[in-house]
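The primary structure of each chain is shown beneath.
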Amino acid sequence: MSSIGIGKKKLIRPLILLIGLILGGGGAYYYINYLLTTPITLEDIEVDDTAALKLNVIEQISKKNGVTEWQLNASSATLLKARNTAVLKDINIIFYTKQHTQVHLTATSGELDTKTHDMTFSKNVIIRYQRYTLRSETLHYAKKPHIIYSNSRITVNDEDSEIEADSMQILLNQDLIILKGHVKGQFSEHIKNANLL
C-alpha cells in the first residue's frame, strides 16, 4: 500500500466525524429552537380575581408630561388584581417638587392604587423635607394634585424646633407645608433662621 492511500484514510475519517458533528449540532439547534418558540397551550385553567402576584424588590418611576413626580423602591409588592392594589413593604420613595426639591419618605408598609397611583403609607412613616423631619402613623399621597397629606397627628422637627399638628399637607407643586388643627410648638432660643416653614 502506498503512503498516499493511508494518508487519505487518516484524513477522511476525521472529516466524516466533523461533518457528522456539524449535522448533529445543527439538528439539535433547530429542534431546541422549535421547542422554545412553540407556544404552550394551557387548557382548563381558572383564574381567581383575588389571586395575588408577589414581587421581590420593586422599583417604579411616575412621570407627568415628561417630568418625574416620584421614584419608588420597596422590598416587596403583592399585587391584588381585584382591588387594583399593590401592597408594599419597606418603602423608600422620593417625591419631586416643581422647584426640584426632593422629599424623602420611608415607611414599613403601604398600598399603591395601580390605576390612580394614589398611595397610603403606615407604620414608622418618616418624611425628610429640606431640613425638617416629619413623623406620623399614616400618610397619604394623591397623585392628581401631587400632594402628601395626613389626617392624623403629625410631628415636625428640625435642629431648633418641634411642631405638632392634627393634620398636614405638603403641596409638592408649591413647595409648601400647611399644618392645621391644634398646632403647637417648642422653639429654641438659638434659632438662626426665622423662616421656619
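Residues numbered from 1 in each chain as written. Predicted model: local features only at pLDDT ≥ 70, side-chain atom pairs only at ≥ 80, totals over all residues. Heavy atoms only, no water.

Undergrad: Just checking my understanding: could you explain the overall build of the protein chain for this structure?
TA: In terms of regular secondary structure, the protein chain is built from 1 helix and 12 strands. For the protein chain, the α and β elements follow one another from N to C terminus as α-β-β-β-β-β-β-β-β-β-β-β-β. Counting all 197 residues of the protein chain, 29% fall into the buried class. If you take every contact in the protein chain between residues at least 6 apart in sequence, the share linking residues at least 24 apart comes to 37%. (Helix = DSSP H or I, 4+ residues; strand = E, 2+ residues; numbered from the N terminus. Buried < 20%, exposed > 50% of the residue type's maximum accessible area, 1.4 Å probe, protein only. Contact = heavy atoms within 4.5 Å.)

Undergrad: Would you explain the layout of surface pockets in this entry?
TA: Rolled over the atoms, a probe sized like a water molecule indicates the empty space that remains. Approximately 190 Å³ is the volume attributed to the largest pocket. Around the largest pocket, the lining residues are Lys64, Asn65, Val67, Thr68, Glu69, Tyr96, Thr97, Lys98, His100, His146 and Asn173. If you tally residues by element for the lining of the largest pocket, the top one is strand β2 (residues 67–80), at 3 residues. Tallied by class, residues from the lining of the largest pocket come to 2 nonpolar, 6 polar and 3 charged. (1 Å grid on protein atoms, 1.4 Å probe; cavity = no way out; pocket = protein on both sides within 12 Å on 5 of 7 lines; lining within 4 Å. Points joined across faces, edges and corners; volume = space filled by probe spheres on them. Nonpolar A, V, L, I, M, F, W, Y, C, P; charged D, E, K, R; others polar.)

Undergrad: So what exactly am I meant to see when it comes to a nonpolar patch on the surface here?
TA: A surface patch of nonpolar side chains, amounting to about 600 Å² of accessible area, comprises Tyr31, Ile32, Tyr34, Leu35 and Leu36. With respect to the helices and strands, the residue Tyr31 is situated in helix α1 (residues 3–37). Using a relative accessible area of 52% as the deciding quantity, one classes Tyr31 as exposed. (Patch = residues over 30% accessible without salt bridge, like charges linked within 9 Å, V, L, I, M, F, W, Y side chains within 5 Å. Areas by Shrake-Rupley, 256 points an atom, 1.4 Å probe, with all protein chains shown as cover. Salt bridge = Lys/Arg side-chain N within 4 Å of Asp/Glu carboxyl O.)

Undergrad: Would you mind showing me how to read the pattern of salt bridges here?
TA: Oppositely charged side chains can pair when the atoms bearing their charge come close. Tallying each qualifying case throughout the model produces 5 salt bridges. Linking Arg83 and Glu111 is a salt bridge whose minimum nitrogen-to-oxygen distance equals 3.2 Å. A residue pair is termed long-range when its members are at least 10 positions apart, and Arg83 in the loop between β2 and β3 (85–96) and Glu111 in strand β4 (residues 102–113) qualify at 28 residues. Taking relative accessible area as the criterion, Arg83 reaches 46% and is therefore assigned partly exposed. Look at Glu111 and you get partly exposed, because its relative accessible area is 34%. Among the charged side chains, a salt-bridge network with shared partners connects Arg153, Glu164 and Asp166.

Undergrad: Help me out: how do you make sense of the side chain of His146 in this one?
TA: Mapped onto the secondary structure, His146 falls in the loop between β6 (132–142) and β7 (147–150). Setting aside residues no more than four positions away along its own chain, His146 makes contact with Glu69, Tyr96, Tyr141, Ile170, Leu171, Leu172 and Asn173.

Undergrad: How should the pairing of β4 be read in this particular structure?
TA: On a regular strand, each side chain points to the face opposite its neighbour's, so the side chains alternate between the two faces of the sheet. Summarising the sheet, β3 and β4 pair through 11 bridges and their orientation is antiparallel. Across the sheet, residue Tyr96 finds its bridge partner in β4, namely Gln102. The antiparallel pairing of β3 with β4 creates a hairpin that spans 5 residues between the two strands, and His100 there sits at a positive phi of about 65°. Inspection of the sheet shows β4 paired to strand β5 (residues 119–129) by 8 bridges, in the antiparallel sense. Bridge pairing in β5 places Leu105 opposite Ile127. (Pairing = 2+ DSSP bridges.)

Undergrad: Explain the environment of Lys54 here, please?
TA: With respect to the helices, strands and loops of the structure, Lys54 is situated in strand β1 (residues 52–64). Judged by its relative accessible area of 56%, Lys54 is exposed. As for Lys54 and Thr78, which are separated by 24 residues in sequence, their C-alpha atoms are 4.3 Å apart. With residues up to four places along the chain from it excluded, the contact list for Lys54 reads Ser76, Ala77 and Thr78.

Undergrad: Can you walk me through the packing of aromatic side chains in this structure?
TA: For any two aromatic rings, the description comes down to two numbers: the centre-to-centre distance and the angle of the planes. Inspection of the entire model under this criterion finds 2 aromatic pairs. Each ring, one from Tyr29 and one from Tyr30, has its centre 5.3 Å from the other, and the planes form 75°; the classification is edge-to-face. Overall, Tyr29 belongs to the exposed group, its relative accessible area being 53%. Given the relative accessible area of 59%, Tyr30 is considered exposed. (Phe/Tyr/Trp six-rings, centres within 6.5 Å; stacked < 30°, edge-to-face > 60°.)

Worth remembering: the numbers are spatial, not functional.
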